[in-house]
Amino acid sequence: MVASRGSSSNPGRVPALGLRVLVLIFISIMLMYFDNRDNHLDTVRTSIGVAVYPLRVIVDAPVRFWNWLDDSTASRNSMELELARLKAERLLTNARLQKFISLEAENARLRALLDARALVRDRARVAEIMSVDANPYSHSLVINVGTQDGVFDGQALIDAEGVVGQVIEAGLLTSQAMLISDTEHALPVEVNRNGLRTIVVGTGKIDELGLPFVVNNADIRVGDLLVTSGLGGAFPAGYPVAIVDSVTRIPQEPYADVTATPAASLGQVREVMLIFSVGAKETEAATDD
Amino acid sequence: MTRDRASRRIPVIMSFVFGLMLTIMPLPDTIAAFRPDWLAMLVIFWAMQLPRTWSVGTAWIVGIVLDASQGTLLGQHALALCCVAFITVRFHLLMRVFPVPQLTASVFPILAIYQFLLFWINGVAGVEAPSIAYWGPVISGTLLWPVMMAILSGLRYRTRSG
């Protein structure tokens, strides 16, 4: 674009090419430096992100259209089946919920006895995953809500079965989230059975998580449910994360080799819930004073 | 005249937009690692054909948009694409007279340099990625180059764009 100005007698030569490359490389390096060090460039990112938004919508549209078509052309028969299934499921869930309500009340009472703070229920918001591929170097996904909807960096993402990941870049209209299976992701958890605390890290595989810091003699078994411990602040406590599927104790090593399967189906989620952790914020406020 | 020039640019801009869409299009996990670097290939093509209009400046802007939309380090793809454009413009006279197989063979090292720059920047910034993430696109990009070139040459001929 810039090259069109100025003309040289030699038709094969592009004017001031070397100089322009050097200047642009220098600008790129400065940008990367500031982007990597701290988040000064978030506004730049956000504004370009808004410009790219229509493209994301267009790319997402065929998949969305296909789903819509699938839904709207489903036969009456299959819809009735689906409806029956959902009704049965709702009945079961409601039954479980009744028990849960009484348990919650009991829990609040016991906590009051122990003089502990009552657990506050977290607020959640449903977000749809856009069928758009993002960063090729990490396990991430793009969701259709942004800062406009109150999304913030570090916000926890769950689906019906467990923790999915967290928001790493909240844009204005869309946000990017990192899955718990990303190699750069680590999550403080505890074993639901006995409260053993440890850390779950991503392995880069979508169906496997690693627990690199479990000592050899720790009480952990295959089938143990790992839930978020709430330490670290990013994730509210008590959400299921993974189920331990192998424990190999190596006598000469300090740590056992433990792997787990994510509770959430990371590869095939279409909708996620964003947690607005009222509980975590209040705990923080409580520890401050 | 200026309006004419502007309308000639539209096909090129559209090709970049389309390339960006292909870049963010979802692919099954098995072949996602072999997604070609469409934008790098487009930069090579246009910088080779019309180096006066589309060269390092364009490549840099495309790269910044790519960085922002992918959430990579801001400037990473910009720098790499800039270098790709630079190499292409330096050798564009040579590359234009190459027959297709030879041209494809020379696109391979440029795509490899592009991926190497991304790899190198990731290394400095401390981003880990499996090596297939770097090699896959180079291989698929080289293999798809003749196809893309045929399509774009047709487009260019028909619309007299530039």
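Calculation notes
The numbers attached to residues start from 1 for each chain and follow its sequence in the written order. Both sets of labels track the order of writing: A upward for chains, 1 upward for ligands. Only residues with pLDDT of 70 or above have their local features reported here, since the model is predicted, and side-chain atom pairs are shown and tallied only from 80 upward, although totals for entire chains, interfaces and linings are computed over all residues. Note that contacts rest on C-beta atoms placed from the backbone: two residues are in contact if these are within 7 Å. A run of H or I in DSSP counts as a helix once it spans at least four residues, and a run of E counts as a strand once it spans at least two, with each numbered from the N terminus. Throughout, the ten residues Ala, Val, Leu, Ile, Met, Phe, Trp, Tyr, Cys and Pro are labelled nonpolar, Asp, Glu, Lys and Arg are labelled charged, and all others, Gly among them, are labelled polar. To obtain each axis, a line is fitted to C-alpha atoms, and for helices this fit is confined to the stretch in contact; angles are then taken between N-to-C directions over 0 to 180 degrees. By definition in this entry, angles of less than 35 degrees are roughly parallel, angles greater than 145 are roughly antiparallel, angles of 65 to 115 are roughly perpendicular, and the rest are oblique. Throughout, a crossing is termed right-handed when the near helix is turned clockwise from the far one, and left-handed when it is turned anticlockwise from it by less than a right angle. Two strands qualify as a pair provided DSSP detects at least 2 bridges between them. A set of buried Ala, Val, Leu, Ile, Met, Phe, Trp, Tyr and Cys residues, joined to one another through C-beta atoms within 7 Å, is what we call a nonpolar core. Exposure in this text rests on C-beta crowding, where 20 or more other C-beta atoms within 10 Å of a residue's own make it buried, 12 or fewer make it exposed, and counts in between make it partly exposed. The C-beta atoms are placed from the backbone. Here the bend at a residue is taken as the angle between two axes, fitted respectively to the seven residues that end there and the seven that start there. The predictor rates its confidence in each residue with pLDDT, a number between 0 and 100.

Student: Sorry if this is basic, but what is going on with the interface of chain B and chain A here?
Tutor: Frequently, the measure chosen for interface size is the accessible area removed from exposure when the parts meet. Contacts between chain B and chain A engage 41 residues on the former and 39 residues on the latter. Among the elements of the structure, helix H1 (2-24), helix H4 (56-70), helix H5 (76-90) and helix H7 (100-125) of chain B are those that each provide at least two residues to the side of chain B that touches chain A. Among the elements that line the side of chain B that touches chain A, the one with the most residues is H4 of chain B, at nine residues. Of the residues that constitute the side of chain B that touches chain A, the class distribution is 28 nonpolar, eleven polar and two charged.

Student: Got a minute to help me understand the packing of helix H3 (residues 38-49) of chain B against H5 of chain B in this structure?
Tutor: Angle between the axes and distance between the axes: these two values describe a pair of packed helices. Residues and elements named next belong to chain B. Two elements in contact, H3 and H5, have axes separated by 9 Å at closest approach and are oriented at 30 degrees. Comparing the axis directions of H3 and H5 gives the class roughly parallel. Remark: the crossing between H3 and H5 carries right-handed chirality. Along its contact with H3, which presents Leu39, Ala40, Val43, Ile44, Ala47 and Met48, the element H5 presents Leu81, Val84, Ala85, Thr88 and Val89. Its residues assigned to classes, the contact of H3 with H5 shows ten nonpolar, one polar and no charged.

Student: Whenever I open this one, the sheet that holds strand S3 (residues 156-158) of chain A confuses me. Can you help?
Tutor: The strands making up a sheet associate through backbone hydrogen bonding, with each pair oriented either parallel or antiparallel. Residue and element names in this part refer to chain A. Spatial ordering of the closed barrel is given by S1-S2-S5-S4-S3-S12, a layout of six strands whose pairing is antiparallel. Taking the axes of each pair of neighbouring strands and ignoring which way they run, one obtains an average angle of 45 degrees across the sheet. Bridge analysis of S3 against strand S12 (residues 271-276) gives two bridges, and the strand direction is antiparallel. Directly across from Ile158, in S12, lies its bridge partner Met273.

Student: What exactly am I supposed to notice about the nonpolar core here?
Tutor: Soluble globular proteins: nonpolar side chains tend toward being buried together. Of all hydrophobic cores here, the largest spans 97 residues; its most connected members are Val241 of chain A together with Val43, Leu81, Cys82 and Val84 of chain B. When residues in this core are grouped by element, the largest group, eleven residues, is from H3 of chain B. Beyond its immediate chain neighbours, meaning those up to four positions away, Cys82 of chain B contacts Val21, Leu24, Ile25 and Ser28 of chain A together with Val56, Ala59, Trp60 and Gly63 of chain B.

Student: Help me understand the environment of Leu111 of chain B, please; the structure alone is not making it clear to me.
Tutor: Residues and elements named next belong to chain B. Tracing the chain through its elements places Leu111 in helix H7. Each C-alpha atom of the pair Leu111 and Tyr134 lies 9.9 Å from the other, and the pair is 23 residues apart in sequence. Among all residues touching Leu111, those that are not within four sequence positions of it are Asp37, Ala40, Val138, Gly141 and Thr142.

Student: Before we go on, may I ask you to explain helix H2 (residues 42-72) of chain A in this structure?
Tutor: Residues lying three or four places apart along an α-helix face the same way, a consequence of the helix completing one turn every 3.6 residues. In the structure, H2 of chain A departs most strongly from a straight axis at Val52 of chain A, where the bend amounts to approximately 40 degrees and where the proline Pro54 of chain A lies between one and four residues downstream. Listing the buried residues of H2 of chain A in full gives Gly49, Val52, Arg56, Val59 and Asp60 of chain A.

Student: It is not clear to me how the sheet that holds strand S9 (residues 225-228) of chain A should be interpreted in this structure. Could you clarify?
Tutor: Residue and element names in this part refer to chain A. One closed barrel accounts for six strands, arranged S6-S7-S8-S11-S10-S9; its pairing is antiparallel. In this sheet, adjacent strand axes meet at a mean angle of 40 degrees when their direction is disregarded. Both strand S8 (residues 209-211) and strand S11 (residues 257-262) contribute to a ladder of three bridges, which runs antiparallel. Considered in S11, the bridge of Gly210 is made with Thr259.

Student: Can you walk me through the pairing of strand S2 (residues 140-143) of chain A in this structure?
Tutor: Successive residues of a regular strand alternate their side chains across the two faces of the sheet. Residues and elements named next belong to chain A. Side chains of S2 alternate between two faces, with Ser140 and Val142 and Leu141 and Ile143 buried alike. Pairing analysis gives two bridges linking strand S1 (residues 123-130) to S2, with the strands arranged antiparallel. Bridged to Met130 within S2 is Val142. The pairing of S2 with strand S5 (residues 175-179) spans four bridges and is classified as antiparallel. Within S5, the position partnered with Ser140 by the bridge is Met178.

Student: Would you explain the confidence of the model for chain B in this entry?
Tutor: For any part of a model where pLDDT is low, the fine detail of the predicted coordinates should not be relied upon. Residues and elements named next belong to chain B. For chain B, mean pLDDT is 85; residues scoring 70 or higher make up 95% of the total. Here helix H2 (residues 29-32) stands out as the element of chain B with the lowest mean pLDDT, 76, in contrast to H5, whose mean of 92 is the highest. Reported for the predicted complex are a pTM of 0.72 and an ipTM of 0.81.

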